Amino acid sequence: MSSDTTTAPDADATALIEALGSRMAGDLESLTRQLREHLAERILPLQGDEQLLQLLGASVESNLESLVHLLRYDLPVADSHAPAAARAYARRLAQRGIGVTALIRAYRLGQELMTGWAFEQLAAMASDPVVALRAERLFSELTFRFIDSISEQVVGEYETERARRQAQRNTMRVAMVEELVAGRTIDVATAEQAIGHRLRQHHLAVIAWCAEADSQANPVASLEHAIDTLVRAVGASSTPLVLPRERTMAWAWLPLGRGLEPELGQVLLEPSLSAIGGGVRLAAGRPGSGAGGFRTSHLEASRAHRLAVAAGSHAAAVTSFLRSDVRTATMLAQDLESTRQLVAGTLGRLSHDTDGARRLRETLQAFLHHRGSFVATGGHLHLHKNTVKYRIDKAVEELGHPIEQERLELEIALVAADQLGPVVLQQT
């Protein structure tokens, strides 16, 4: 008796669910319209986009048809596949750049509306409230599993399409950047749309790379951190354009806005020097304006990068083309053998790679920069003027000739030694 009383309501509830499926099939057009309108009102990205709304309607209708079959024929939910219209709708959302939350929310709201409708129908159809309650539970369990399965499939479709579109955009962006860097004539508006970066402003081009790639657990993260540090230092007006070139290198353009005077870039760049770290090096050009400045700033960053690579571990955290000595050294780095001969022939014993020779070179370089002033040189190096005088006298002795003799070559050789270090110095 007990078994019969337990079994009967379950059988009646199952029969009630089948009947509900038939009623849903009969009201399919009306339910589709109600659900479409309900979602359109509550999901903001869909409003005003008639093409998307039409696709939404097709997705709703096809999903309801699938649910009808599950209800009427007691089919296993595990065998359910997302309808073609639902997949097409998911792809279109990804193509429009609408967040996946809009897709997921539609299924949650749809389940909420259909559950309310079903409970009203079941209450009216069942003469026994116990049967109605069990039917409601069956409906809730079935629709939960159905929505869970279908939403997982359409989200997968969305992510696949988004990844495909992103790869396509990256390919187009790389191609357009290469066109700009090559100096080809390109419509500015078209280029801006392709690269997602405003060209009609000042730019500071940067090349970031991992100088110690083998020791980097996550080189991409290290590069991003270094670029972010520089962005904060220069006060970039918006998100930079970052273009990965390989696993351990990236090109970047920092947007400086229209109102920034290019010469201010040097002042803004300095605070970043001590904050990079992590085995990452940066090479920067000078700020440039417009599409031409986008190109020239990058070409300068490329020259600074070649200099830093030639200098190896001697290179600073940031090698900036804003500095005149860097601009000079980039030319010297193109022919290292000739530069070594220049350094050795001009600096004499000052070309030795020793701490003592380095101190004398630094003092002599500062002395020449401050126009032969012992006081100004001492202030710059935090030395007493008598210490400066002693070092200059010692430097002249090591040179083997007066400072004014071949002054231009002397200054160039000091720049080479400072920027390239051991690469052009005499090893003892």
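Worth saying up front: this structure is predicted, and the values here are computed from it rather than measured.

### Observations regarding the overall build of the protein chain
- Each helix and strand counted, the protein chain has 16 helices and six strands in total.
- A compact globule built from 428 residues would reach a C-alpha radius of gyration of about 22 Å, whereas the protein chain, at 35 Å, exceeds it by more than 25%.
- The principal-axis extents of the C-alpha atoms in the protein chain amount to approximately 115 × 50 × 35 Å.
- Here the protein chain, with 428 residues, has 45% of them falling under the buried criterion.
- By element, 51% of the accessible surface of the protein chain is carried by carbon and sulfur atoms, the whole surface being about 21700 Å².

### Describing the environment of Gly290
- Turning to its location among the elements, Gly290 is positioned in helix 10 (residues 290–311).
- The class for Gly290 is buried, based on a relative accessible area of 15%.
- Taking the C-alpha atoms as reference points, Gly290 and Arg198, 92 residues apart in sequence, are found 8.7 Å from one another.
- When near neighbours in sequence (up to four residues on either side) are disregarded, Gly290 contacts Leu199, Gln201 and His203.

### Remarks on the packing of helix 6 (residues 129–182) against helix 10
- In the contact formed by helix 6 and helix 10, the axes pass within 8 Å of each other and the chain directions differ by 85 degrees. Taken together, the axes of helix 6 and helix 10 lie roughly perpendicular to each other. Across the interface between the two elements, Val177, Leu180, Val181 and Ala182 of helix 6 pack against Ala291, Phe294, Arg295, His298 and Leu299 of helix 10.
- A per-class count over the contact of helix 6 with helix 10 returns seven nonpolar, one polar and one charged.

### Remarks on the packing of helix 12 (residues 336–347) against helix 16 (residues 407–420)
- Between helix 12 and helix 16, the least distance of the axes is 9 Å, while the angle of their chain directions is 120 degrees. The angle between helix 12 and helix 16 falls in the class oblique. The chirality of how helix 12 crosses helix 16 is left-handed. Listed contacts from helix 16 to Leu336, Thr339, Leu342, Val343, Thr346 and Leu347 of helix 12 are Glu409, Leu410, Ile412, Ala413, Leu414, Ala416, Ala417 and Leu420.
- Residues of the contact of helix 12 with helix 16, tallied by class, amount to eleven nonpolar, two polar and one charged.

### A word on the nonpolar core
- The biggest cluster of nonpolar side chains holds 50 residues, and the ones touching the most others in it are Met24, Leu39, Leu46, Tyr89, Leu93, Leu103 and Val154.
- For this core, the secondary structure elements donating two or more residues are helix 1 (2–26), helix 2 (28–42), helix 3 (50–73), helix 4 (84–95), helix 5 (100–125) and helix 6.
- Non-local contacts of Tyr89, meaning those with residues more than four positions away in its chain, are made with Leu46, Leu52, Leu55, Leu56, Ser59 and Leu103.
- Among the nonpolar cores identified, the runner-up in size contains 49 residues, and Ile195, Met249, Ala283 and Val388 belong to it.

### Some details on the confidence of the model for the protein chain
- On average, residues of the protein chain score 88 in pLDDT, and 92% of them are at 70 or above.
- Segment residues 1–6 is flagged for pLDDT under 50; beyond a separation of four residues in sequence, or across chains, it makes two contacts in the model.

### Here's the deal with the environment of Gly421
- Within the secondary structure, Gly421 is located in the segment after helix 16.
- Once the C-alpha coordinates of Gly421 and Gln405 are considered, the two residues, 16 residues apart in sequence, prove to be 23 Å apart.

What counts and what doesn't
- Per-chain numbering applies: the sequence of each chain, read as written, is numbered from 1 onward.
- Local features in a predicted model are, by the rule used here, given only for residues with pLDDT of at least 70; side-chain atom pairs are given and counted only at 80 or more, and totals for whole chains, interfaces and linings are based on all residues.
- Only heavy atoms go into the side-chain values, all of them from the structure, while hydrogens and water stay out.
- We count a stretch as a helix when DSSP gives it H or I for four or more residues in a row; a strand needs E for two or more, and each element gets its number in order from the N terminus.
- Every radius of gyration here is taken over C-alpha atoms, with the globule rule written as 2.2 Å times N^0.38, N being the number of residues.
- Under the scheme applied here, a residue whose accessible area is under 20% of the maximum for its type counts as buried, over 50% as exposed, and between as partly exposed, the area being computed with a 1.4 Å probe on protein chains only.
- Residue-level accessible areas treat just the shown protein chains as cover; the underlying method is Shrake-Rupley with a 1.4 Å probe.
- Here, residues are in contact when the closest pair of their heavy atoms is within 4.5 Å.
- Note on method: axes are straight lines fitted to C-alpha atoms, helices fitted across the in-contact stretch only, with angles between N-to-C directions ranging 0 to 180 degrees.
- By definition in this entry, angles of less than 35 degrees are roughly parallel, angles greater than 145 are roughly antiparallel, angles of 65 to 115 are roughly perpendicular, and the rest are oblique.
- Think of it as three bins: nonpolar holds Ala, Val, Leu, Ile, Met, Phe, Trp, Tyr, Cys and Pro, charged holds Asp, Glu, Lys and Arg, and polar takes everything else, Gly as well.
- It is the rotation of the near helix from the far one that decides the hand of a crossing: anticlockwise by less than a right angle makes it left-handed, clockwise makes it right-handed.
- Among the buried residues, those of types Ala, Val, Leu, Ile, Met, Phe, Trp, Tyr and Cys that are joined through side-chain atoms within 4.5 Å form a nonpolar core.
- On a range of 0 to 100, pLDDT expresses the predictor's confidence in each residue.

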